[in-house]
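Architecture and fold: a report
So you can see what is in the structure, the chains are spelled out below.
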Amino acid sequence: MAFVAVGLVVVIVLVFVVVKIAGGNSKSAPNSAAPVLTPAPASLVSEVTGVPSSVVNAVGTGSGVNPPTVVPGQPALTSGGHPEVLFIGAEFCPYCAAERWAMVNAFSRFGTWTGLNETTSSPWDTPPAISTFSFVDAKLSSPYVTFVPVEHESNDSDGLGTRKLLEALTTAQNRLWTEYSSKLGLGGTGYPFVDFGNKVFVTGPSYNPATILAGLSQTEIAAKLSNASDPVTQAIVGTANYLTASVCSLTHGQPAAVCSAPGVKAAATALKLS
């Protein structure tokens, strides 16, 4: 009986050890719902960057789009011999997710993208899991403008608020973010923040991803961009036209074929940039 009791105790101890180890491993394992980065397929990028000019012009300023804010009389922001556009975003952020669609389209009119990844915003934020791109590895090659993206925080990894610092801001970038957020009456810094040469600013969502993009995959969103009347196209291309007009105000209307397009001119007129 004594040997049986001892053996039973040993078995129980072993069970507790196994459970402890298994539990420890499960806590350290990444959450299966956490978004990942994968290279954006060339076909997807082509659809987003290749929106027909007829659609661009038919959409104009779009529907349900919040225009950027023009702040005249500021010192020019330049780098690499060109006007600079600074983007500060975060991979968890659903509003950044929505903005990137328009940015990928708009900036493709001035150059060529490489290194775009596809992902979603945080599945634990509101709205959850908005399909998007990440700029963390992306580069825009352009003879007109220098695009500087900073994905400041990562995605959530295991529930709301589990994001981390991803790309640190320089002192100058942090100063611009803080200074112009204050000048534009914000209660603090927020995402997305886009500074077009210290002349035009995006300081919040350009459209509502909850009503426009929720539940759609990258492929489904891209496929809609050939239909000018679709709400997705109205939001994304309408925003892109505002962003394009903002860049054109820095490049003195170059390239002319882009900046003189009727859809872009409509956005420039609405912003009183022309």
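So, here is what we can say about the structure in this document. Everything quoted here is computed from the prediction, not taken from an experiment.

The first and last C-alpha atoms of helix α4 (residues 94-107) sit 20 Å apart over 14 residues, in line with the 20 Å expected at 1.5 Å per residue. Extensive coverage of α4 is indicated by the burial of 13 of its 14 residues.

Before going further, it helps to examine unusual backbone geometry. Following T126, the chain continues to P127 via a peptide bond in cis, the omega torsion being -5°. In this chain, Y191 is followed by P192 through a cis amide linkage whose omega measures -10°. Note on placement: P192 falls in the loop between α5 (171-183) and β10 (193-196). One non-glycine residue with positive phi stands out, namely A129, at about 50°. Positionally, A129 belongs in the loop between β6 (117-120) and β7 (131-134).

This next bit is on helix α8 (residues 231-248). Here α8 spans 25 Å end to end across 18 residues, near enough to the 26 Å set by a 1.5 Å rise per residue. Within α8, 17 of the 18 residues are buried, which leaves it mostly tucked inside the rest of the structure. The opening residue of α8 is D230, an N-cap whose side-chain oxygen sits 2.8 Å from the backbone nitrogen of V232.

Moving on: the packing of α8 against helix α10 (residues 262-270). It is the contact of α8 with α10, at a shortest axis distance of 8 Å, that shows an interaxial angle of 75°. The angle between α8 and α10 places the two elements in the roughly perpendicular class. Contacts between α8 and α10 involve N241, Y242, T244, A245 and C248 on the former and, on the latter, G263, V264, A267, A268 and A270. Within the contact of α8 with α10, the residues separate by chemical class into seven nonpolar, three polar and no charged.

A separate point is the nonpolar core. Core analysis: the largest hydrophobic core is formed by 59 residues, its most contacted members being F107, F196 and L213. Top contributing element to this core by residue count: α8, with 10 residues. Contacts of L213, omitting those with residues within four sequence positions, involve A98, W101, I130, Y207, I221, V232 and I236. If you look at the next biggest cluster of nonpolar residues, it comprises 16 residues, including L86, I88, A90 and Y180.

About the criteria used
- Residues numbered from 1 in each chain as written.
- Predicted model: local features only at pLDDT ≥ 70, side-chain atom pairs only at ≥ 80, totals over all residues.
- Heavy atoms only, no water.
- Helix = DSSP H or I, 4+ residues; strand = E, 2+ residues; numbered from the N terminus.
- Expected span 1.5 Å × (residues − 1).
- Buried < 20%, exposed > 50% of the residue type's maximum accessible area, 1.4 Å probe, protein only.
- Polar contact = N/O pair within 3.5 Å; in protein donor to acceptor, adjacent residues only side chain to side chain.
- Axes fitted to C-alpha atoms, helices over the stretch in contact; angles between N-to-C directions.
- Parallel < 35°, antiparallel > 145°, perpendicular 65-115°, else oblique.
- Contact = heavy atoms within 4.5 Å.
- Nonpolar A, V, L, I, M, F, W, Y, C, P; charged D, E, K, R; others polar.
- Core = buried A, V, L, I, M, F, W, Y, C linked by side-chain atoms within 4.5 Å.

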